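Read off the chains here:
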Amino acid sequence: MISPRRRLVAASILLVLEAVAFALFVTESVTGAIAAVGFTCVSLWVHVVLHECGHLVVAKLLRLPVIAVRIAPFTGWRSEVSVRPAPSATALPLRMVLFYLGGPMANLCTATVLGTATALTSTALTRVALLGAALCAALLGVVNLIPGISPRSDGRNLLRWLLTPTATRAALRAGYYQEEVSRTLRAIARGEVDDGRLGDPVRGGNDPRLALAAFQRRWSTGHAQSAGDLIADAERLAALARADSTDPMAAAAIGQVLTVQFGLWYLHAAVVNGSPVEHQEVLEISELAQLAFHVQPHMLSARVAMSLAHLLNQRPEDARSLLLDIRPGVDPPDLCSVAFLLRAIAECYLGNHADADTLIRAAGGDYQQLAQVVAAIQAADPVPPLFALAPMANT
């Protein structure tokens, strides 16, 4: 069976040969035909550059924050201009639509200019070269506007912002939130395992620490695979943590990671989506948090995990008591910020809004999405029912 890459190479070669044959027919010169086709092929690289420049210029004009520019045609890497707008930015759907139109419109304008130049020249060789370059530009612009070509195509992103702007904005906000969750997880498990030894997705029987590190690497962005795959991997990790053969320290590390990963998302789902966590999930989170807390009760990472479990059980007093002794400058900064914000949630439920304000300021601005979740809880009257009530054994 022929691989897709080989089919693409074969189709490209066939297309070039057909272009040479057409150019030979028009120019009646082998050298001229090859030169015209060569110019057309080289122009494709120029059109890719112009395409990304179109995105970049629009991003700058609309003041969309640009975080990466990569132009790498013919290397196997995707050429792209990446922007990171704030989810609450003014007129964001319109600005994003214009941003995604910038690249294709640059190609179509270039095709128009080249087509006009073709009609103005009298030399057959020049006319064929310009016509080929114009066709390449037009094809690149049109293909990028077709929604089904790629899940990251300009056309698909255009449709998302045009047809479902509210959901797309919510997905953008969720992506920012997951990045904050991932930063917290990296602070918890930093230096646990050499990345060079990591395997692929979690499998039963793997070394628990390697399995944990592979889980974190695989799900570092939160968008690589489906939610079902994430839950399945987490369940296998949880089984490793509960196994009698697992070292207590490794079990504690797994418990911390899973509690923080899912606990913070349960918090977001309850406040933003109005979907409180179910009782069974509360019990599972509590069990995992206790694995970590019993082994390292004085570590901030274990206390953060345990405080999340207490919040899930509607026990803000216990959550608050675990986070009274936060040591900025000693504990990892990311964990300190998250601990301040979790304690602010506890203070909101205890009615101490002035203390919650102080804690939000102490957390700084590095966790803006989580701080907005906390502010939403603080502003609610009455405070939203975040999680199902469930008894939990004292620790």
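A brief report on the enclosed structure follows. All figures in this text were calculated on a predicted structure; none of them were measured in a lab.

Two measures define how a pair of helices packs: the angle their axes make with one another and the distance between the axes. Packing of helix α8 (residues 227–242) against helix α9 (residues 248–272) leaves a shortest axis separation of 9 Å and a crossing angle of 150°. Of the possible angle classes, the one that applies to α8 and α9 is roughly antiparallel. The handedness of the crossing between α8 and α9 is left-handed. Where α8 abuts α9, its residues L230, I231, A234, L237, A238, L240 and A241 lie against A251, I254, L258 and F262. Of the residues in the contact of α8 with α9, the class split is eleven nonpolar, no polar and no charged.

Right, let's talk about the packing of aromatic side chains for a bit. Geometry of an aromatic ring pair is reported as the spacing of the ring centres plus the angle between the planes. Counted by the stated rule, this structure contains three aromatic pairs. Considering the side-chain rings of Y177 and W265, the 5.1 Å spacing of their centres and the 75° angle between planes classify their relative orientation as edge-to-face. Here W265 lies in helix α9 and Y177 lies in helix α6 (residues 165–189), a separation of 88 residues in the sequence. Here W265 falls in the partly exposed class, since its relative accessible area comes to 24%. When the ring of F262 is compared with that of Y266, the centres are 6.3 Å apart and the planes differ by 45°; the resulting orientation is tilted. With F262 and Y266 both in helix α9 and four residues apart, this pair spans about one turn of that helix. Over the ring of Y176 we find R84; its NZ or CZ atom is 4.8 Å from the centre of that ring.

The subject of this paragraph is the environment of A289. Within the secondary structure, A289 is located in helix α10 (residues 279–295). By relative accessible area, which is 0% here, A289 ends up buried. On a C-alpha basis, the gap between A289 and L258 in space is 8.4 Å, while along the polypeptide they are 31 residues apart. When near neighbours in sequence (up to four residues on either side) are disregarded, A289 contacts T259, A305, M306 and A309.

Looking now at the nonpolar core. Counting residues in hydrophobic clusters, the biggest one holds 66 residues, and the most contacted among them are L258 and L342. When residues of this core are assigned to their parent elements, the largest contribution, twelve residues, is made by helix α13 (residues 333–349). With residues up to four places along the chain from it excluded, the contact list for L258 reads F215, A234, L237, A238, G263, I285 and L288. Membership of the second largest hydrophobic core comes to 13 residues, among which are V58, A89, V97 and L158.

Residues E80 and S82 point to one face of strand β2 (residues 80–83) and V81 and V83 to the other, with burial holding for every one of them. Across four bridges, strand β1 (residues 66–70) lies against β2 in antiparallel orientation. Bridging across to β2, R70 finds its partner in E80.

Attention now goes to empty space enclosed by the protein. If you walk through the whole model with that rule in mind, you get one cavity of 30 Å³ or more. In this model, the largest cavity occupies a volume close to 40 Å³. If you trace the largest cavity, you find it lined by Y177, E180, V181, T184, L264, V338, Y367 and L370. At four residues, α6 tops the list of elements feeding residues into the lining of the largest cavity. The class makeup of the residues in the lining of the largest cavity is six nonpolar, one polar and one charged.

Right, let's get into the side chain of E347. For E347, the position within the fold is in helix α13. We classify E347 as buried; its relative accessible area is 0%. Here R320 takes part through its side chain, which lies 2.7 Å from a polar atom of the side chain of E347. In this view, E347 contacts R320, N352, D355, A356 and L359; residues no more than four positions away in its chain are not counted.

The rules behind each value
Chains are numbered independently. Their residues run from 1 in the order of the written sequence. In view of the model being predicted, local features appear only for residues whose pLDDT reaches at least 70, and side-chain atom pairs are presented and counted only at 80 or more, with totals across whole chains, interfaces and linings using the full set of residues. Derived side-chain values reflect all non-hydrogen atoms in the structure, with water molecules and hydrogen atoms excluded from consideration. Between N-to-C directions, angles span 0 to 180 degrees; the directions come from axes that are lines fitted to C-alpha atoms, helices contributing only their stretch in contact. We count a stretch as a helix when DSSP gives it H or I for four or more residues in a row; a strand needs E for two or more, and each element gets its number in order from the N terminus. By the definition adopted for this analysis, an angle is roughly parallel if under 35 degrees, roughly antiparallel if over 145, roughly perpendicular if from 65 to 115, and oblique otherwise. By definition, turning the near helix anticlockwise from the far helix through less than a right angle yields a left-handed crossing, and turning it clockwise yields a right-handed one. What makes two residues a contact is simply this: any of their non-hydrogen atoms within 4.5 Å. Residue type decides the class: Asp, Glu, Lys and Arg count as charged, Ala, Val, Leu, Ile, Met, Phe, Trp, Tyr, Cys and Pro as nonpolar, and the leftover types, Gly among them, as polar. Two rings belonging to Phe, Tyr or Trp (six-membered ring only in the last case) form a pair when the distance between their centres is within 6.5 Å. Interplanar angles under 30 degrees mark stacking, angles over 60 mark edge-to-face geometry, and anything in between is tilted. Between buried and exposed lies partly exposed: a residue is buried under 20% and exposed over 50% of the maximum accessible area for its type, with that area taken using a 1.4 Å probe on protein chains only. We count a charge as sitting over a ring when the NZ of a lysine or the CZ of an arginine lies within 6 Å of the ring centre and within 35 degrees of the ring normal. Nonpolar cores are built from buried Ala, Val, Leu, Ile, Met, Phe, Trp, Tyr and Cys residues. Side-chain atoms within 4.5 Å join them into one set. A pair of strands is labelled paired if DSSP reports no fewer than 2 bridges between them. In this analysis the probe radius is 1.4 Å and the grid spacing 1 Å, with only protein atoms considered; a cavity is a set of points the probe fits into but cannot get out of, a pocket is an open set with protein on both sides within 12 Å along at least five of seven lines, and lining residues have an atom within 4 Å of a point. Grid points are joined across faces, edges and corners, and a volume is the space filled by probe spheres set on the points. Definition of a polar contact: a pair of N or O atoms within 3.5 Å, with one able to donate and the other able to accept a hydrogen when the atoms are protein atoms, and with sequence-neighbouring residues admitted only if both atoms are side-chain atoms.

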